[in-house]
Amino acid sequence: MIKFNEVTKVYENITALRKVSFSIEKGEFTFVTGPSGAGKSTLLKLIYLAEKPDEGSISIAGWETLSLKEKAIPFVRRNIGIVFQDFKLLPNKNVYDNIAIALRIRGVKESEIKSRVHEALKLVNLRHKTESFPSALSGGEQQRVTIARAIVGEPTVLIADEPTGNLDVDNTAGIMRIFREINAKGTTIIFATHNMELVKNTGLRVLKLDNGNLVRDERA
Ligand SMILES: Nc1ncnc2c1ncn2[C@@H]1O[C@H](COP(=O)(O)OP(=O)(O)OP(=O)(O)O)[C@@H](O)[C@H]1O
Ligand SMILES: [Mg+2]
């Protein structure tokens, strides 16, 4: 599903990733951990094609990204849902429209959008907030909206960059349950966090980065 082969990424004089190799199978749940500056966000950006490697090769959902034409990037991205730490919801649109937007851009018809948005909201337990605006939601609720937005296009891969970074313990546990449920339905998940409490005892795979090096690949 995702394969990194000796990937190096350099920003000016900083090597953010150094000869990183791993492969993730369809349906896996993988954490990416490591201290601040270790290269977690960089690794995710390479997966969703926001950055290009300086050396090595990456393949995503069967696409070799090195030989990818600019025009093909949106097609690869359709396979990928993304959740960030800061929620990035549109403040002037309600919950429904924030989620529907991704499907409208693709030209999906409104009747199908409606059923898909409602299904996504059900999964994150927010059916009762369909008409609310982001400013009227708690942090945990806003993050659940962004998860609904990320999965409404039925991506094969869901990428999360510190999605619980701004949340308290209870909300964090709720978000983790939702990610496990999405994974149980077959979506591949790559979840970056520096919070080892989250990872502990999950039995899930952990890729540990340190100073741009992949230093561990094991089960929690
Ligand atoms: N656009 C950029 N320009 C220059 N340097 C960058 C850029 N993005 C990241 N870096 C550097 O690359 C290294 C890895 O950054 P990255 O954001 O991947 O770390 P991280 O593990 O996600 O850290 P955090 O836990 O703080 O989010 C850091 O030294 C960072 O300063
Ligand atoms: Mg980061």
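Residues numbered from 1 in each chain as written. Chains lettered and ligands numbered in written order. Predicted model: local features only at pLDDT ≥ 70, side-chain atom pairs only at ≥ 80, totals over all residues. Heavy atoms only, no water.

1. Brief notes about the overall build of the chain
Part 1 of the argument: Of regular secondary structure, the chain possesses seven helices and 10 strands.
Part 2 of the argument: Against the globule reference of 17 Å for 220 residues, the chain gives a C-alpha radius of gyration of 17 Å, in line with a compact fold.
Part 3 of the argument: C-alpha atoms of the chain, sized along the principal axes, occupy 45 × 40 × 30 Å.
Part 4 of the argument: Counting the 220 residues in the chain, one finds 50% classified as buried.
Part 5 of the argument: Here the analysis covers contacts within the chain between residues at least 6 apart in sequence; of these, 68% occur between residues at least 24 apart.
Part 6 of the argument: Only carbon and sulfur atoms are counted for the fraction: they give 48% of the accessible area of the chain, which is about 10900 Å².
Part 7 of the argument: Looking at the chain, you have 32 positive and 26 negative side-chain charges, and the mean spots of the two groups are 4 Å apart. (Helix = DSSP H or I, 4+ residues; strand = E, 2+ residues; numbered from the N terminus. Rg over C-alpha atoms; globule rule 2.2 N^0.38 Å. Buried < 20%, exposed > 50% of the residue type's maximum accessible area, 1.4 Å probe, protein only. Contact = heavy atoms within 4.5 Å. Areas by Shrake-Rupley, 256 points an atom, 1.4 Å probe, with all protein chains shown as cover. Lys, Arg positive; Asp, Glu negative; His and termini not counted. Charge placed at Lys NZ, Arg CZ, Asp CG, Glu CD.)

2. Some points on helix α1 (residues 40–47)
Part 1 of the argument: Counted residue by residue, α1 has six buried out of eight residues, so it is predominantly covered.
Part 2 of the argument: Listed in full, the buried residues belonging to α1 are K40, T42, L43, L44, L46 and I47.
Part 3 of the argument: Immediately beyond the C-terminal end of α1, within one or two residues, lies L49, with a positive phi of roughly 65°.

3. Regarding the packing of helix α3 (residues 95–105) against helix α5 (residues 139–151)
Part 1 of the argument: Between α3 and α5, the shortest axis-to-axis distance is 8 Å and the interhelical angle comes to 30°. Overall, the two elements α3 and α5 adopt an arrangement that is roughly parallel. Relative to α5, α3 is oriented so that their crossing is right-handed. Every residue of α5 that contacts α3 at V95, N98 and I99 is listed here: V145, A148 and R149. (Axes fitted to C-alpha atoms, helices over the stretch in contact; angles between N-to-C directions. Parallel < 35°, antiparallel > 145°, perpendicular 65-115°, else oblique. Left-handed = near helix turned anticlockwise from the far one by under 90°.)

4. Points about the packing of α3 against helix α4 (residues 110–123)
Part 1 of the argument: One can describe the packing of α3 onto α4 by two numbers: an axis separation of 10 Å at closest approach and a directional angle of 125°. Between α3 and α4, the crossing angle belongs to the class labelled oblique. Helix-helix and strand crossings are classified by hand; for α3 and α4 the assignment is right-handed. Contacts between α3 and α4 involve V95, Y96, I99, A100, L103 and R104 from the first element and E110, I113, K114, R116, V117, H118 and L121 from the second.

5. Side note on the sheet that holds strand β10 (residues 213–219)
One key point about sheets: their strands pair by backbone hydrogen bonds, in either a parallel or an antiparallel sense.
Part 1 of the argument: Spatial ordering of the open sheet is given by β6-β7-β8-β3-β9-β10, a layout of six strands whose pairing is mixed. The sheet is open, and its two edges are formed by β6 (80–83) and β10, each paired on a single side. Looking at each pair of strands side by side, their axes are set apart by 15° on average, direction ignored.
Part 2 of the argument: Pairing geometry for strand β3 (residues 29–33) and strand β8 (residues 188–192), over four bridges, is parallel. Bridging across to β8, F31 finds its partner in F191.
Part 3 of the argument: Running over the sheet, α1 touches β3, β6, β7 (157–161), β8 and β9 (205–210) and is turned about 150° from β7. (Pairing = 2+ DSSP bridges.)

6. A look at the site of ligand 1
Part 1 of the argument: The environment of ligand 1 is formed by Y11, I14, A16, P35, S36, G37, A38, G39, K40, S41 and T42.
Part 2 of the argument: Here an oxygen atom of ligand 1 sits 2.6 Å away from a polar atom, N or O, in the side chain of S36.
Part 3 of the argument: Interatomic distance of 2.8 Å between a backbone N/O atom of G37 and an oxygen atom of ligand 1.
Part 4 of the argument: Bound to the protein, ligand 1 loses 65% of the 640 Å² it would expose on its own.
Part 5 of the argument: Those elements giving two or more residues to the shell around ligand 1 turn out to be β2 (14–24) and α1.
Part 6 of the argument: The element that contributes the greatest number of residues to the shell around ligand 1 is α1, accounting for three residues.
Part 7 of the argument: Looking at side-chain class alone, the shell around ligand 1 contains five nonpolar, five polar and one charged residues. (Near = heavy atom within 4 Å. Polar contact = N/O pair within 3.5 Å; in protein donor to acceptor, adjacent residues only side chain to side chain. Nonpolar A, V, L, I, M, F, W, Y, C, P; charged D, E, K, R; others polar.)

7. Details of the packing of aromatic side chains
Part 1 of the argument: Under the counting rule described, the total for this entry stands at six aromatic pairs.
Part 2 of the argument: Consider the rings of F29 and F31, whose centres lie 5.3 Å apart with planes at 50°: the pair is tilted.
Part 3 of the argument: Residue class for F29 comes out buried when judged on its relative accessible area of 4%.
Part 4 of the argument: Ring geometry for F29 against F191: centres 6.2 Å apart, planes inclined by 25°, an arrangement best described as stacked. (Phe/Tyr/Trp six-rings, centres within 6.5 Å; stacked < 30°, edge-to-face > 60°.)

What is shown is where atoms sit, not what they do.
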